[in-house]
Structures are given as C-alpha cells and as structure tokens.
Amino acid sequence: MSIIIPIIIVIFSLLIFATIHYFLCKYKSKAYTSVDAVISIILFSILSYITVITIIHFIFKVEVFSHIWVSLPIMMFIMMLYLQFYMGIDRSVSIRLMGDILNAPNQKLKIKIVQDAYLNDQMVIPRLDLLEDRGYIQKLDGEYICKNKGEILAKCALIVLSLYSPIRYT
C-alpha cells in the first residue's frame, strides 16, 4: 500500500469538513456556543472521514483496512489539534478582552463595560493588568486601548474566530 492513499483520504476529509463547518457556522441563524461547536466539529470530522473512505472504497476499489491504520490516526490527530486551537482561542479571556477593545466605539473600552460583560473582578482585573504589563493594552483616562502588539494579536484572533463562527465575531 502506498502512503499516498491515506494522505489523500486525510486531505479530502479535511476539505469536506472545513467546507461543511464553515458554511454551517456562517449561515446558522444563531451563534454557536462552545459546546455546540465542539460537538459539530467532532461529528462533521467523523462524517467527512467516513464519506471519503466510502467513496475511495467504492469508486477506486481500495480496501478500507489497507489504509485505515494510517489515515484514521492522522485524521484524529489533526482534528484534536484543530479542537485544541479552537478552544484555546475561544476560551482566552485575554484575546476576548482585546477583541472587545477593538470592536468598541473608537477602539476604547471603559472598565464599566468590561465589568458588566465579565462579572468576576478576580478574573478580569488581573488579566487587564497582565495585558498592560506585557504591552498589549494601555490604560488612558480610565479607558483601555490596544497597543500595536495587542491590536495585531487581537485582529489575528478575530480573523480565526470569524472562521469558526462568523456571526459571533463580525
């Protein structure tokens, strides 16, 4: 068996998964919750893999057991990386705070708005202080603004988040 077949299976599975996930996120009427997104990622990755191996088996007459031991672990590994990346971006308080600053009018955010959105002061204030210490944001007259470094990171994160759920982050 050639290694090309498992690689082709994984590539086509990922393409099908990415297409389904993108259009589902983009055109779904309500925004995903994190749990909904993770469940859909798992389901659609499994369905895309099964679809591709079925097509390969019936059209090209390739025996499933000749490649499943290579293609399935590769696919699972890539999907676990994808889930890890998704959850890391989606759950990051720092990324969300900088995104909120960029999405606020005049790209300035008052602490009151942050406190209303994130009720736990023990979570937000130390994170804002850390972001300020590291040079991502700056506090001016009681408002937070993104510095260049924070703006670049937040814009990159917002782009990635828009791929996962365009409704939520545009």
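The rules behind the values
Residues numbered from 1 in each chain as written. Predicted model: local features only at pLDDT ≥ 70, side-chain atom pairs only at ≥ 80, totals over all residues. Heavy atoms only, no water. Helix = DSSP H or I, 4+ residues; strand = E, 2+ residues; numbered from the N terminus. Buried < 20%, exposed > 50% of the residue type's maximum accessible area, 1.4 Å probe, protein only. Contact = heavy atoms within 4.5 Å. Pairing = 2+ DSSP bridges. Axes fitted to C-alpha atoms, helices over the stretch in contact; angles between N-to-C directions. Patch = residues over 30% accessible without salt bridge, like charges linked within 9 Å, V, L, I, M, F, W, Y side chains within 5 Å. Areas by Shrake-Rupley, 256 points an atom, 1.4 Å probe, with all protein chains shown as cover. Salt bridge = Lys/Arg side-chain N within 4 Å of Asp/Glu carboxyl O.

## Focus on the overall build of the protein chain
Right, on to step 1. Looking only at helices and strands, the protein chain has eight helices and three strands in total.
Right, on to step 2. The helix and strand sequence of the protein chain, counted from the amino end, reads α-α-α-α-β-α-α-β-β-α-α.
Right, on to step 3. Taking all 170 residues of the protein chain together, the buried fraction comes to 37%.
Right, on to step 4. Once local pairs closer than 6 in sequence are excluded, the contacts in the protein chain between residues at least 24 apart make up 68%.

## Considerations on the sheet that holds strand S1 (residues 109–110)
Right, on to step 1. Ordered in space as S1-S3-S2, the three strands form an open sheet in which the pairing is antiparallel. For this open sheet the edge positions go to S1 and strand S2 (137–140), each flanked by a neighbour on one side alone.
Right, on to step 2. Packed onto the sheet, helix H4 (residues 93–103) meets S1, S2 and strand S3 (143–146) and runs at close to 95° relative to S3.

## Concerning H4
Right, on to step 1. Along H4, eight of the 11 residues are buried, which leaves the element largely enclosed by surrounding structure.
Right, on to step 2. Buried residues of H4: Val 93, Ser 94, Ile 95, Leu 97, Met 98, Gly 99, Ile 101 and Leu 102, and no others.

## Observations regarding a nonpolar patch on the surface
Right, on to step 1. Judged by side-chain polarity, Ile 3, Ile 4, Ile 7, Ile 8, Ile 11, Phe 12 and Leu 15 come together as a nonpolar surface patch covering roughly 620 Å² of accessible area.
Right, on to step 2. For Leu 15, the location among the structural elements is in helix H1 (residues 4–27).

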